[in-house]
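# Architecture at a glance
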Amino acid sequence: MIPPSKETKTNLSIGLSNKEAALRLNKYGENALPEERKNPVLKLLSYFWGPIPWMIEAAAILSGIMQHWWDLGIIVTLLFVNAGVAFWQEHKADNAIELLKAKLALVARVLRDGKWRDIPARELVPGDVVFLRLGNIIPADMKLESGDYLSVDQSQLTGESLPVDKKRGDTVYSGSIVRLGQMQGIVTATGANTYFGTTAKLVEMAGAVSHFQRAVLKIGDFLILITIGLVALILLVALFRHTPFLETLQFCLILTVAAIPVALPAVLSVTMAVGAEKLAKMQAIVSRLVSIEELAGMDVLCADKTGTLTQNILTVGELWCAKGVDNAELLYEGALSSSGESADTIDHAIITAAGKLPQGYKVLRFEPFDPVRKHTLAEIQKGKKTFSIAKGAPQVIAKMCNYSDEVTAKVNAFAAEGYRTIGVARKEGDKWEFRGLIPLFDPPRKDAANTLDKARGMGVAIKMVTGDHVAIARQIAAKLHLGQHIVIPSKIFGEGMGRDALDKALEQADGFAEVFPKHKYNIVKSLQEKKHIVGMTGDGVNDAPALKQADVGIAVSRSTDAARAAADLVLTAPGISVIISGIAEARRIFHRMLSYATYRIAETIRVLLFMTLSILVFNFYPVTVIMIVLLALLNDFPIMMIAFDNAAVAQKPVRWDMHRVLTVATALGVIGVISTFLLFWYIEYVMHLERPTIQTIMFLKLLVAGHLTIYITRDYNWFWSPPWPSLVFIGAVEVTQVAGTLAAVYGWFMEPIGWIYALAIWGYALLWFMINDIMKVNLVRRLNLRHPGHKKHLTRIERKIGL
């Protein structure tokens, strides 16, 4: 519904009343686009459509045709378990996205009942008076009514590459970003009625795939190809031997489903979701889920100084006044050239320090600070006298007054003590008079130095980035235990410096000062070109390009809307210590996925190779269709619980090493085939057991040994070394092992073998479990492929046992 023109004419001094706003909210609806929600039943049914469900469904149909009703029941159970797990995980992900949208919702500064307040942008209604300033994402279509100008970036809406200047009477559109200036506007349209029919999208959940996910998915593709190849071979041999076609086809379909990594998407989703949930409890919201994994490999963190490493709570220091000016005069003149409506930290610090201003001053016109002019400007009236006050960069203010030399020396002296200075000038008539300097100090966060020390201990290089003077940067760097090699980007990104020299300068720098937005972007991009995985922290609109470019963009608390929109990780509480927790959690996730990949490859080789060789060499199906289905069901559940397992935190950034994974997994898989064939040979040719009994024994051996392999692949260290498995993980593994053992002992869906044979198989599997673990540790040691986080611990154990 488009509001009538009378509803967009509001008193700019009072705004709408809360009562009227509530009526209009009910009339026009929330300032948000209606979302199309998929029917849950249709979403659930979609999980029964696709290559893997088709194979399971085909096997179920074949079981029905052959009247194998137990097989049919178990296969249908497998189908519903796979669909149910996927549906539940997506349901949880949808809920997480909704929570995320609530956490990161746009906030608008609106005038209601004569008072300025911050409200969720979705509560805006036509006729609301909204205050816009540098860095805001415009929350609704509105007409500008007061203030001097805005420079608005409409590139995401119109494709215009340059910002567009706006003045009173102009319309600005929802989703645009304020680049310069500040003004007040009246909302003319909300939600679906906005000009472009969309609101700004803060969090991009698009399908960007991380380096690690790509590697794991490649493993999945590799296993699928191997499985299809071997299964096709089984099918051809069966046809050649005139084995009943339907039974062979059913067996091959089920074997394919059991061998390929059906649980891969679910394991990825659960593992990352658990990590994101833990970070959310630490007040860090993940806006791009795969960025958790990028954190694991991050080896350079470019940390924005102001608001990230420091408290961003400026405090006025000891004033330096020009001759004839006292401290009180300088402070209230600085306060008169500040805006209490904007949430600018410099203005707030000066207004707070000035306290209550003398009576009789009236601000006729106020121009906010912008990066081009580098000062604010206020026109003041007292009685019949009118004068102007400027406040801003001291060099600019001093130049306006022809008062540069002494000011430059004093600014440098303040900077050496870690102060940022603001100059104040006054003009009556045509000449500006320099009034003095207001030093401001933004102290480091209490947790910053300790956090950076921990990050360096985890192998992450820290590079401070600031727009402040080099002297201020060095002062803060010293307090944060950073080096003193501070580089000015304009001097290294010049045309005269070669690529090698540039790379060397970037690598050796402890920080960067006097940085502009384009420099931040170039720093991040140049480091990425040197194969670094780069993190970037920031809070301002000028940080947005670098946050977007970084592998892990981190918006700290109280960030601008534009910075949060560009970031992958949004901190909602002061401080950056949660970044260390994020790195540790990411490396745990990497460790769990490494464990899963190794286990999955080893199991596929072990099960599939054993099945194929048994059929080709002995013309014997070592397990039945229903046993394969049970193996698939009983294997998937504990591996899902790997997301809740305890995992080591590597001491250095981690990278994917396919050679290590394939070497260890193949070795474990081949030894598993050997141990299974030895058992098969013994019970077939020495004990001469019946074939149904042999099949049950093979089932139990594959199940018990497979579950024990999970403990082996948890780490490249000895299986008994810390961190020990979590109780949830142990419970999931052992419950399924016991369930499979009871099925074999009492003959559920198979020939019963009794407790004697069952216990003997357990003993045999445990013996090979120890052999496998010794082989793993020796192989890793000989290839010099130890897990980085366990080097010291592994060496100590090796000394004890003489390896």
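Parameters at a glance
- Residues numbered from 1 in each chain as written.
- Predicted model: local features only at pLDDT ≥ 70, side-chain atom pairs only at ≥ 80, totals over all residues.
- Heavy atoms only, no water.
- Axes fitted to C-alpha atoms, helices over the stretch in contact; angles between N-to-C directions.
- Helix = DSSP H or I, 4+ residues; strand = E, 2+ residues; numbered from the N terminus.
- Left-handed = near helix turned anticlockwise from the far one by under 90°.
- Contact = heavy atoms within 4.5 Å.
- Patch = residues over 30% accessible without salt bridge, like charges linked within 9 Å, V, L, I, M, F, W, Y side chains within 5 Å.
- Areas by Shrake-Rupley, 256 points an atom, 1.4 Å probe, with all protein chains shown as cover.
- Salt bridge = Lys/Arg side-chain N within 4 Å of Asp/Glu carboxyl O.
- Buried < 20%, exposed > 50% of the residue type's maximum accessible area, 1.4 Å probe, protein only.
- Arc of directions from axis to C-beta.
- Pairing = 2+ DSSP bridges.
- Parallel < 35°, antiparallel > 145°, perpendicular 65-115°, else oblique.
- pLDDT = per-residue confidence, 0-100.
- Phe/Tyr/Trp six-rings, centres within 6.5 Å; stacked < 30°, edge-to-face > 60°.
- Lys NZ or Arg CZ within 6 Å of the ring centre and 35° of its normal.

Their axes nearest at 9 Å, the elements helix H25 (residues 691-713) and helix H27 (residues 754-782) cross at an angle of 35°. For the pair H25 and H27, the sense of crossing is right-handed. Along the contact surface, H25 presents Thr693, Ile697, Leu700, Lys701, Val704, Ala705, Leu708, Tyr711 and Ile712, while H27 presents Tyr757, Ala758, Ile761, Trp762, Tyr764, Ala765, Leu766, Phe769, Asn772, Asp773 and Lys776.

Turning next to a nonpolar patch on the surface. Side chains of Ile61, Ile65, Leu236, Leu239, Phe245 and Leu246 sit close together on the surface and give an oily, nonpolar patch of about 580 Å² of accessible area. Elements represented by at least two residues in the nonpolar patch include exactly helix H3 (51-65), helix H6 (211-240) and helix H7 (245-259).

Attention shifts here to the pattern of salt bridges. Overall, the coordinates contain 26 salt bridges when judged by the stated rule. Across the pair lysine 530 and aspartate 503 runs a salt bridge, and its minimum N-O distance is 3.9 Å. Separated by 27 residues along the polypeptide, lysine 530 in the loop between helix H19 (517-529) and strand E20 (534-538) and aspartate 503 in helix H18 (residues 499-508) bring together distant segments of the chain. Judged by its relative accessible area of 40%, lysine 530 is partly exposed. For aspartate 503, a relative accessible area of 8% corresponds to the buried category. Counted as one network, the salt bridges with shared partners bring together Glu329, Glu333, Arg426, Glu428, Glu433 and Arg435.

It is worth spelling out H18 at this point. Here H18 has its buried residues at Leu502, Asp503, Ala505 and Leu506. Angular distribution of buried residues about the axis of H18 spans 160°; they occupy a single face of the element. Along H18, exposed side chains directed more than 90 degrees from the buried face belong to Asp500 and Lys504.

Strand order in the open sheet formed by eight strands is E8-E22-E21-E20-E9-E17-E19-E18, and the pairing between neighbours is mixed. Looking at which strands have only one partner, the edges of the open sheet turn out to be strand E8 (284-286) and strand E18 (486-487). Pairing of E20 with strand E21 (residues 552-555) involves four bridges; the strand directions are parallel. Opposite glycine 538, over in E21, you have alanine 555 as the bridge partner.

Side chains Val129 and Phe131 of strand E3 (residues 129-132) all project onto a buried face; the interleaved residues Val130 and Leu132 project onto the opposite face, where all are buried too. Across four bridges, the pairing between E3 and strand E7 (residues 177-189) is antiparallel. The residue of E7 that forms the bridge with phenylalanine 131 is glutamine 184.

Now for the environment of lysine 431. Among the secondary structure elements, lysine 431 is positioned in strand E16 (residues 431-441). On the basis of relative accessible area, lysine 431 is assigned to the exposed category, the value being 66%. The spacing of lysine 431 and methionine 400 is 31 residues in sequence and 8.8 Å in space, taken between C-alpha atoms.

With that out of the way, let us pick up the packing of H25 against helix H26 (residues 727-746). Contact geometry for H25 and H26: axes closest at 10 Å, N-to-C directions at 170°. As summarised for this structure, H25 and H26 are arranged roughly antiparallel, according to the angle between their axes. Each of Thr696, Phe699, Leu700, Leu703, Val704, His707, Leu708, Ile710 and Tyr711 in H25 lies in contact with H26, whose residues at this interface are Phe729, Ile730, Val733, Glu734, Thr736, Gln737, Gly740, Thr741 and Ala744.

Before going further, it helps to spend a moment on the confidence of the model for the chain. Across the chain, the average pLDDT comes to 81, with 83% of residues at or above 70. Across residues 198-209 the pLDDT falls below 50, and counting only partners more than four positions away or on other chains, this stretch makes 31 contacts in the model. In the predicted structure, residues 785-803 sits below a pLDDT of 50 and forms 42 contacts with residues beyond four places in sequence or in another chain.

Our focus in this paragraph is the packing of aromatic side chains. The tally for this structure, following the rule as stated, stands at 18 aromatic pairs. On the basis of an interplanar angle of 80° and a centroid distance of 5.3 Å, the ring pair of phenylalanine 719 and tryptophan 720 is categorised as edge-to-face. The class of tryptophan 720 is partly exposed, set by a relative accessible area of 40%. Geometry around phenylalanine 387 places arginine 426 over its ring, the cationic atom sitting 3.8 Å from the centre. For arginine 691, the ring lying beneath its charged end belongs to phenylalanine 620, and the centroid distance is 4.0 Å.

Let's shift gears to unusual backbone geometry. Look at the link from proline 722 to proline 723: it is a cis peptide, with omega at 0°. Within the secondary structure, proline 723 is located in the loop between H25 and H26. Of note in this structure, histidine 481 is not a glycine but carries a positive phi near 65°. Note that histidine 481 resides in the loop between helix H16 (470-479) and E18.

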